[in-house]
Amino acid sequence: AVLGTTQDPFIAYSSNMFAVFGLRSLFFILREAMTRFTYLEPAVSIVLGFIGVKIVVDYFNIVEVPVMLSLGIVLSILTLGVVLSLKELDSIADTMESQPETASIGQASNSE
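Fair warning: this is a prediction, and the values are worked out from it, not measured in the lab.

## A few points about the overall build of the protein
Here is step 1 of the chain: Along the backbone of the protein there are 4 helices and 0 strands.
Here is step 2 of the chain: What you see in the protein, going N to C, is helices and strands ordered as α-α-α-α.
Here is step 3 of the chain: Put simply, 63% of the contacts in the protein that link residues at least 6 apart link residues at least 24 apart.
Here is step 4 of the chain: Carbon together with sulfur atoms contributes 70% to the accessible area of the protein, which is approximately 9200 Å² in total.

Here's what the structure looks like:
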């Protein structure tokens, strides 16, 4: 695609190199987010399903789905996945705080 805008090989190679580096760092961010946010993976699956259905519907000219509506649906699904994950993390943290630390107290008295 970059060769359609320029014939300079330096610009073509350097832009592709920076794009690959950007995607690599984005991959590590997404991998970390997937481990922390438990509902993000199902949300991404639903988004991919929605996009697939939208492509089929647009291909067969069944319904015209506006771009802003699609963007709103995608953002809503991803936001819902993150919010549900944060609520679950908060409830897990509350559960951990309310449990007494009897195991660590017992180990401390045994070592003395």
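## Description of the confidence of the model for the protein
Here is step 1 of the chain: Summarising the model, the protein shows a mean pLDDT of 83, and 86% of its residues fall at 70 or more.
Here is step 2 of the chain: Element-level pLDDT for the protein is lowest in helix α4 (residues 102-111), with a mean of 53, against a maximum mean of 93 in helix α2 (residues 40-59).

## Section: the side chain of Ser-85
Here is step 1 of the chain: As for its placement among the helices and strands, Ser-85 is situated in helix α3 (residues 67-98).
Here is step 2 of the chain: Only 2.8 Å separates the side chain of Ser-85 from the backbone nitrogen of Tyr-39, close enough to count as a polar contact.
Here is step 3 of the chain: Contact partners of Ser-85, with chain neighbours within four places excluded, come to Phe-37, Thr-38, Tyr-39 and Leu-40.

## Quick notes on unusual backbone geometry
Negative phi characterises most residues that are not glycine, and trans characterises most peptide bonds.
Here is step 1 of the chain: Even without being a glycine, Asn-61 presents a positive backbone phi close to 55°.
Here is step 2 of the chain: Mapped onto the secondary structure, Asn-61 falls in the loop between α2 and α3.

## With respect to the side chain of Ser-70
Here is step 1 of the chain: Inspection of the secondary structure assignment puts Ser-70 in helix α3.
Here is step 2 of the chain: For Ser-70, a relative accessible area of 9% translates into the label buried.
Here is step 3 of the chain: Beyond its immediate chain neighbours, meaning those up to four positions away, Ser-70 contacts Phe-50, Lys-54 and Val-65.

## Details of the packing of aromatic side chains
Here is step 1 of the chain: On inspection of all chains with the given rule, the structure shows 2 aromatic pairs.
Here is step 2 of the chain: The interplanar angle of 65° and the centroid separation of 5.4 Å between the aromatic rings of Phe-27 and Phe-28 together place this pair among those described as edge-to-face.
Here is step 3 of the chain: When the centroid spacing of 5.0 Å and the interplanar angle of 85° are considered together, the rings of Tyr-59 and Phe-60 count as edge-to-face. When sorted by exposure, Tyr-59 lands in the same class as Phe-60, which is exposed.

## Observations regarding the environment of Glu-88
Here is step 1 of the chain: Within the secondary structure, Glu-88 sits in helix α3.
Here is step 2 of the chain: Given a relative accessible area of 25%, Glu-88 falls into the partly exposed group.
Here is step 3 of the chain: Between the C-alpha atoms of Glu-88 and Phe-37, which are 51 residues apart in sequence, the distance is 8.8 Å.
Here is step 4 of the chain: Excluding residues within four positions of it along the chain, Glu-88 makes contact with Thr-38 and Tyr-39.

Calculation rules
- Residues numbered from 1 in each chain as written.
- Predicted model: local features only at pLDDT ≥ 70, side-chain atom pairs only at ≥ 80, totals over all residues.
- Heavy atoms only, no water.
- Helix = DSSP H or I, 4+ residues; strand = E, 2+ residues; numbered from the N terminus.
- Contact = heavy atoms within 4.5 Å.
- Areas by Shrake-Rupley, 256 points an atom, 1.4 Å probe, with all protein chains shown as cover.
- pLDDT = per-residue confidence, 0-100.
- Polar contact = N/O pair within 3.5 Å; in protein donor to acceptor, adjacent residues only side chain to side chain.
- Buried < 20%, exposed > 50% of the residue type's maximum accessible area, 1.4 Å probe, protein only.
- Phe/Tyr/Trp six-rings, centres within 6.5 Å; stacked < 30°, edge-to-face > 60°.

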